[in-house]
Amino acid sequence: MDKDKAVNYAVGYAPGKVILVGEHSAVYGHEAIALPIDAGVRVAITRLGLKNGPSIRGLGSFFMGQTFYFDRSSTQGIISQVFQYLMDKFGPRMQEVEIIVDGDLPRGHGLGSSAAFSVSLLRALSNYFSLQFGDADIAFHAHALENIFHGRSSGLDHTVVIKDQAISFQRIKEEMKIEIIELKVPISLVIGLAGPHDGTKNAVAKLFERKKRMQKIYDHIFLGLNGIAIEIKQALLDGNMAKMGELMNIAHGYLCALGVSTTEIDHLCSIAKNQGALGAKITGAGGGGAMIALANGNEDAILSAFNSAGFMAFKAAAGANNQNLR
Ligand code: MEV
């Protein structure tokens, strides 16, 4: 890098995501459908005043008034691995920067916070060091970072976060089949939070062990989820929200069978349906985290019922392009 080209301050933004169908089954090569949401992560890079080593810190509210500090969080081990990767790829100049993280995406809830962090960080680094990264470069490094966060990442999360559009995704061996889905109608969700999940890495590893014990049974479930992905894609193209809601409910049933839902998530799904949601399901790795309700005009009623039951929740527009937030 030409040192003169380095700027003193650069930012990057990336949205979070929801998965309509295909969490976990995507890891085993099945089709998944995912959408970006209008909440995300912003990373700012500045020149570190004192050359006393790398610094990553959170600024302000990461979500709803919670202050987020990487250096004090339990992910410190993971963050140091992320830094090691960046040092290997971008060299010792990484030690001269300070990375500041902010945003409105709940962290550790299966809403793509690690992918949004990785992508916004890489976008900011590209801007800071004038690397002119295209989406393919961002995807290459984001996948490596996601493998640090997730252990065995299908690539689904960082792909939808980079594309910033509704996608169909399938990973067969090293090949990724990615299709942009043109939404016929806007998707309005209420996202209910059941507390931080057990970690994607753990959820994927535990399911891997369960699957080893009953291979054929789990394979049937994954095939069922694959069939739902094909139908949901069509429902999105047709703007058939009633059908999509029904398919989300069936997907949730399969995810319960996979053992990744919790009583809190199931409770939130029931509340949402009682308040008029067309469909409700867990989203992301599970074991806690978040669920999504297809609101069908009942956003306020669903949100207030979630809050009355003691859960944090927020409204989200899904599938829209969030470039204006960058
Ligand atoms: C996590 O958002 C989605 C999982 O399918 C993991 C992956 O696809 O890498 C659970």
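Cut-offs used in this document
- Residues numbered from 1 in each chain as written.
- Predicted model: local features only at pLDDT ≥ 70, side-chain atom pairs only at ≥ 80, totals over all residues.
- Heavy atoms only, no water.
- Helix = DSSP H or I, 4+ residues; strand = E, 2+ residues; numbered from the N terminus.
- Buried < 20%, exposed > 50% of the residue type's maximum accessible area, 1.4 Å probe, protein only.
- Contact = heavy atoms within 4.5 Å.
- Areas by Shrake-Rupley, 256 points an atom, 1.4 Å probe, with all protein chains shown as cover.
- Axes fitted to C-alpha atoms, helices over the stretch in contact; angles between N-to-C directions.
- Parallel < 35°, antiparallel > 145°, perpendicular 65-115°, else oblique.
- Nonpolar A, V, L, I, M, F, W, Y, C, P; charged D, E, K, R; others polar.
- Core = buried A, V, L, I, M, F, W, Y, C linked by side-chain atoms within 4.5 Å.
- Near = heavy atom within 4 Å.
- Polar contact = N/O pair within 3.5 Å; in protein donor to acceptor, adjacent residues only side chain to side chain.

Caption draft 1: Broad picture of the overall build of the protein. Within the protein, the secondary structure is distributed over nine helices and 12 strands. The buried share among the 326 residues of the protein stands at 55%. Partitioning the intrachain contacts of the protein with sequence separation of at least 6 by distance along the chain shows that 74% fall at a separation of at least 24. Accessible area of the protein: about 13,700 Å², with a carbon and sulfur share of 51%.

Caption draft 2: Representation of the packing of helix α5 (residues 200–213) against helix α6 (residues 215–238) within the structure. Closest axis-to-axis distance for the α5/α6 pair is 5 Å, and the angle between their directions is 120 degrees. Classed by the angle they form, the pair α5 and α6 counts as oblique. Taken together, the residues of α6 that come into contact with α5 (itself represented by Leu207, Arg210, Lys211, Lys212 and Arg213) are Gln215, Tyr218, Asp219 and Phe222. Partitioning the contact of α5 with α6 into residue classes produces three nonpolar, one polar and five charged.

Caption draft 3: Representation of helix α4 (residues 156–163) in the model. When you tally the buried positions in α4, you get seven out of eight residues, the bulk of the element. Burial in α4 covers these residues: Leu156, Asp157, His158, Thr159, Val160, Val161 and Ile162. Looking at the buried residues of α4, the elements they touch are β1 (9–21), β2 (32–47), α2 (113–128), α3 (135–150), β7 (167–172) and β8 (175–180). One or two residues past the end of α4 sits aspartate 164, with phi positive at roughly 60 degrees.

Caption draft 4: Main features of the nonpolar core. Judged by nonpolar contacts, the single largest core of 99 residues is most densely connected at Ile99, Ile191, Ile232, Leu236 and Met244. Contacts of isoleucine 232, omitting those with residues within four sequence positions, involve Leu20, Val21, Ile33, Met244, Leu247 and Met248.

Caption draft 5: Here's a closer look at the site of the ligand. Taken together, the neighbourhood of the ligand is formed by Lys17, Ile19, Glu23, His24, Val27, His150, Arg152, Ser153, Ser154, Asp157 and Ala285. One of the side-chain N or O atoms of lysine 17 is found 2.9 Å from an oxygen atom in the ligand. With respect to the ligand, the side chain of aspartate 157 contributes an N or O atom lying 2.8 Å from an oxygen atom. Relative to its unbound accessible surface of 300 Å², the ligand loses 99% to contact with the protein. By residue class, the composition of the shell around the ligand is three nonpolar, four polar and four charged.

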